[in-house]
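Structural characterization, general
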Amino acid sequence: MKTVTVQCPYCGALNEELIDCSVEPPEEYVEDCEICCSPMVITIRSVEGEEPVVTVRRENE
């Protein structure tokens, strides 16, 4: 598990997310922004031996 900081695509606020670094296929889930409560779609791509890549987008994109 690792804590990463992501930026809300709606209000720009920084949110800390706890992610599972052992995920092999891309994992995607929806988490509400702690500030504006808008739904952020968080995608985690992880390759063994490398840092996970975390992307955030609006739910309706």
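Rules of the game
Residues numbered from 1 in each chain as written. Predicted model: local features only at pLDDT ≥ 70, side-chain atom pairs only at ≥ 80, totals over all residues. Heavy atoms only, no water. Salt bridge = Lys/Arg side-chain N within 4 Å of Asp/Glu carboxyl O. Helix = DSSP H or I, 4+ residues; strand = E, 2+ residues; numbered from the N terminus. Buried < 20%, exposed > 50% of the residue type's maximum accessible area, 1.4 Å probe, protein only. Patch = residues over 30% accessible without salt bridge, like charges linked within 9 Å, V, L, I, M, F, W, Y side chains within 5 Å. Areas by Shrake-Rupley, 256 points an atom, 1.4 Å probe, with all protein chains shown as cover. Lys, Arg positive; Asp, Glu negative; His and termini not counted. Charge placed at Lys NZ, Arg CZ, Asp CG, Glu CD.

This part is about the pattern of salt bridges. Under the defined criterion, the tally for this structure stands at one salt bridge. Residues Glu28 and Arg57 are paired through a salt bridge, measuring 3.4 Å at the closest nitrogen-oxygen approach. Of the two residues, Glu28 is situated in strand S3 (residues 27-32) and Arg57 in strand S5 (residues 53-58); the sequence distance between them amounts to 29 residues.

A positive phi angle is found at Cys37, which is not glycine, with a value near 65°. Positionally, Cys37 belongs in the loop between S3 and strand S4 (39-45). Judged by its relative accessible area of 54%, Cys37 falls in the exposed class.

Now for a negative patch on the surface. Taken together, the side chains of Glu16, Glu31, Asp32, Glu34 and Glu59 define an acidic patch exposed on the protein surface. As for its placement among the helices and strands, Glu31 is situated in strand S3.

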